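Secondary and tertiary structure notes
Spelled out from the first residue to the last, the chains are:
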Amino acid sequence: NEFIEAGFAVNPFTGNSLPIITFDKSFDNEVYSMNLMDCPDGFYTEFLVFHNGIDPSRTICGTIDMLWIESDGENRFTYTDDWKTNSSEPSDSKFEKMLPPIQDLFSNKHNDYILQGSLYQSMLMSHGFTPKQSAYTWVKNYDKNQLTRKPFKFMFDKIELLLKDYNNVNVC
């Protein structure tokens, strides 16, 4: 894509220009390193992340569409964005509630995407990173010229409840 051809990408949250980090993969869903703190500062696409605090046989993982890693001395900061291509803009409807343990939240795409982004940042935190900012971006009609970026506040309290619930589930 055009990011890789240019060799750098601007972090929309900070305005900083960062090198694009690519690496050879033996297969599509391959992690950069099992120690994610080994990842150099830069911009990553389709970044596979996993939770470092869960038994590896049951770990949770996901793919972050866009990840920026920036350091300030010993502090490693992360910024994420996930593109959404729904036919209509994700809404913040208030019709139904989610299931326990997060039954106080309304069940809608907006909250789904915030939870997803918060989980990604929680997984990065489990490796030692400090989350700074995240957003999801709605791409209208798959047209990259019609983007609506939706920054959000993390829902780490909800993620903690979900992970606790997940860890209490017995697996055969």
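This text goes with the structure placed above it.
One structure accompanies this document, and this report is about it.

Thresholds applied
- Residues numbered from 1 in each chain as written.
- Predicted model: local features only at pLDDT ≥ 70, side-chain atom pairs only at ≥ 80, totals over all residues.
- Heavy atoms only, no water.
- Disulfide = S-S within 2.5 Å.
- Buried < 20%, exposed > 50% of the residue type's maximum accessible area, 1.4 Å probe, protein only.
- Helix = DSSP H or I, 4+ residues; strand = E, 2+ residues; numbered from the N terminus.
- Expected span 1.5 Å × (residues − 1).
- Arc of directions from axis to C-beta.
- Contact = heavy atoms within 4.5 Å.

**A word on the state of the cysteines**
Across all of its chains, the model carries zero disulfides by this definition. Between C39, a cysteine without a disulfide, and C61, which holds the nearest cysteine sulfur, the sulfur-to-sulfur distance is 15 Å. For C39, a relative accessible area of 2% gives the class buried.

**Here we look at helix α3 (residues 156–167)**
The α-helix winds at 3.6 residues per turn, so residues separated by three or four positions along the chain end up facing the same way. If you check α3, its first and last C-alpha atoms are 16 Å apart, about what 12 residues at 1.5 Å a residue would give, namely 16 Å. For α3, the set of buried residues is K158, I159 and L163. End-on, the buried residues of α3 take up no more than an arc of 135 degrees, which puts them together on one face. Exposed positions of α3 whose direction lies more than 90 degrees from the buried face are E160 and K164. Tucked into the core, α3 has its buried residues touching α2 (109–125).

**Points about α2**
Taking 1.5 Å as the rise per residue, α2 with 17 residues should run 24 Å; its terminal C-alpha atoms sit 24 Å apart, in good agreement. Within α2, 12 of the 17 residues are buried, which leaves it mostly tucked inside the rest of the structure. Of the positions making up α2, those classed as buried are H110, N111, Y113, I114, L115, G117, S118, Y120, Q121, S122, M123 and L124.

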